[in-house]
Amino acid sequence: MSLENLRPSPVMKDFLPVEYKDLIEHGPYTNRNGKDTQTVKVTDMGKFKEVIEEHPMCAGCAMTLFIRLAYIGMPNPEHTIVVGTAGCGRLAISQASVPFIYGNYGDTNAVASGLKRGLEVRFPNQKKDVVVMAGDGGLIDIGFQGLMHSWFRKEKFTTIMLDNEVYGNTGGQESGMTNHGKVLKMAPRGKFGEKVDALGLAKVAGVDYVARLAPTNPARVARTVRRAIMVAREVGHSYIQAYTSCNIEYSIPTPDVMKDAFEIEKERYGFEEIISPLAKEYLDDVEKKAKKKKSDK
Ligand SMILES: Cc1ncc(C[n+]2csc(CCOP(=O)(O)OP(=O)(O)O)c2C)c(N)n1
Ligand code: SF4
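Just so it is clear, the model here is predicted, and its values are computed rather than measured.

Cut-offs used in this document
- Residue positions within a chain follow its written sequence, with the count starting from 1.
- In the order they appear in the text, chains get letters beginning with A and ligands get numbers beginning with 1.
- Only residues with pLDDT of 70 or above have their local features reported here, since the model is predicted, and side-chain atom pairs are shown and tallied only from 80 upward, although totals for entire chains, interfaces and linings are computed over all residues.
- Calculation of side-chain values draws on the structure's entire complement of heavy atoms; hydrogens and water are dropped beforehand.
- Secondary structure follows DSSP: runs of H or I at least 4 residues long count as helices, runs of E at least 2 residues long count as strands, and numbering of each begins at the N terminus.
- By this rule the span expected of a helix is its residue count minus one, scaled by 1.5 Å.
- The rule is simple: take the accessible area with a 1.4 Å probe, protein chains only, and divide by the maximum for that residue type; under 20% is buried, over 50% is exposed, in between is partly exposed.
- To form a nonpolar core, buried Ala, Val, Leu, Ile, Met, Phe, Trp, Tyr and Cys residues must be joined to one another through side-chain atoms within 4.5 Å.
- Note on definitions: a residue-residue contact is assigned when non-hydrogen atoms from the two residues lie within 4.5 Å.
- Paired strands are those between which DSSP finds at least two bridges.
- Here an angle of 0 to 180 degrees is reported between the N-to-C directions of two axes, which are lines fitted to C-alpha atoms, with helices fitted over the stretch in contact.
- If even one non-hydrogen atom of a residue comes within 4 Å of a molecule or strand, that residue is called near it.
- In the analysis that follows, any N or O atom pair within 3.5 Å is treated as a polar contact, provided that within protein one partner can donate a hydrogen and the other can accept it, and provided that, for residues neighboring in sequence, both atoms belong to side chains.
- Computed with a 1.4 Å probe, the accessible areas rest on the Shrake-Rupley method; for each residue, only the protein chains presented here act as cover.
- Three classes are used, and their members are as follows: Ala, Val, Leu, Ile, Met, Phe, Trp, Tyr, Cys and Pro are nonpolar, Asp, Glu, Lys and Arg are charged, and the others, Gly among them, are polar.

Q: Quick one: what's the story with helix H2 (residues 62-73), residue by residue and with numbers?
A: The end-to-end C-alpha distance of H2 is 17 Å, a good match for the 16 Å that twelve residues give at a rise of 1.5 Å each. Extensive coverage of H2 is indicated by the burial of ten of its twelve residues. The complete set of buried residues in H2 reads Ala62, Met63, Thr64, Phe66, Ile67, Leu69, Ala70, Tyr71, Ile72 and Gly73.

Q: Describe the nonpolar core, listing the residues and the values that go with them.
A: In this structure, Phe66, Ile67, Tyr71, Met133, Ile160 and Leu162 are the most contacted members of the largest nonpolar core, which totals 44 residues. Sequence-distant contacts of Leu162, defined by excluding residues within four places in its chain, comprise Met63, Phe66, Ile67, Gly89, Ile93, Met133, Ala134, Gly135, Asp136, Ala242 and Thr244. Formed by 23 residues, the second largest nonpolar core is a distinct cluster that contains Ile140, Ala202, Val207 and Val210.

Q: Tell me about the sheet that holds strand S2 (residues 100-102), residues and numbers included.
A: Here we have seven strands laid out as an open sheet, ordered S2-S1-S3-S4-S6-S5-S7, and mixed in their pairing. Looking at strand neighbours, the two that pair on one side only are S2 and strand S7 (272-275), the edges of this open sheet. Across the sheet, the mean angle from the axis of one strand to that of its neighbour is 15 degrees, orientation sign disregarded. Taken together, the five bridges between strand S3 (residues 129-135) and strand S4 (residues 158-163) define a ladder with parallel strand orientation. By the bridge assignment for S4, Ala134 is matched with Met161. Across the sheet, H2 touches strand S1 (80-84), S3, S4, strand S5 (209-213) and strand S6 (238-243), and the angle it forms with S4 is around 160 degrees.

Q: Please set out the site of ligand 1 residue by residue, giving values where relevant.
A: The immediate surroundings of ligand 1 are formed by 15 residues, with Tyr105, Gly137, Gly138, Asn164 and Gly168 found nearest. At a separation of 2.8 Å, an oxygen atom of ligand 1 approaches a polar backbone atom of Gly138. For ligand 1, whose accessible area on its own is 590 Å², the fraction buried by protein is 72%. Top element by residues in the shell around ligand 1 is helix H5 (residues 136-141). It accounts for three residues.

Q: Break down the site of ligand 2 for me, with residues and values.
A: What surrounds ligand 2 is the set Met57, Cys58, Cys61, Cys88, Asn164, Gly168, Cys246, Asn247 and Ile248. The residue inventory of the shell around ligand 2, partitioned by class, reads six nonpolar, three polar and no charged.

So this is what it looks like as structure tokens:
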């Protein structure tokens, strides 16, 4: 959606739902007030209208926290389309005030490839960001072929893997991203193979921006999402792999969800960025300009 497509008559303004007005006046939609970059900050979370406010996911699910932060990080949510699929994440993603396309399980990166190319033809003067947000099963198992080929083709969109290391939505089957030996409800003998090195695959495929992180540092999550989307806009594909634990299938007591995230981050999910020289040059330029704008104010 674009705010330019939806321009209510000024005389009707008072009758618009308060949620809609809040999104424009106290939310992350950016171009209504003449600004072209994100105006809300993670540190102000709770004080502005978020694009996602209600969801039916399990209480304390880290995936939901990550998804909220990802929406805050989007540089232009009003010009963004999210592609998802079956899996827990879409339960929250489909509640957001950002258009959502529900691809068939396994099809996300093929759908996003066509969508992004179509948007470039339809809107030659307006950048539209496409973001795939899907589970580890949806991407590394059933969607593997589409994922890999979108990487090899350097399609200009962002893939975010919500890596809870299990098929959460269907009750606990192992995925390619489950760790070796992990016993799950529907993997009673323990995972046979190793966790797939998706970061390594992304690097080999020449993905321009690759990042791994856990949702332990909210500002860093938003910044990483912003960087990934900016690279996909101008340079090539970007991939974020986020540890988003499943407290149900991994039996993590709700109050300990963040403790688990910090522990796993320390053990094997530390923050990592792999940036191609071209993407680095572009990000340096964009971020330098943003800093200069701030200091000029
Ligand atoms: C083609 C197809 N196969 C299987 C399913 C059933 N299915 C729905 S969600 C899901 C697992 C989701 O796991 P994952 O992608 O890791 O996401 P999570 O629920 O863990 O976030 C499966 C197998 C489906 N919807 N479509
Ligand atoms: S089943 Fe797991 S991943 Fe899915 S909503 Fe519940 S805690 Fe989150």
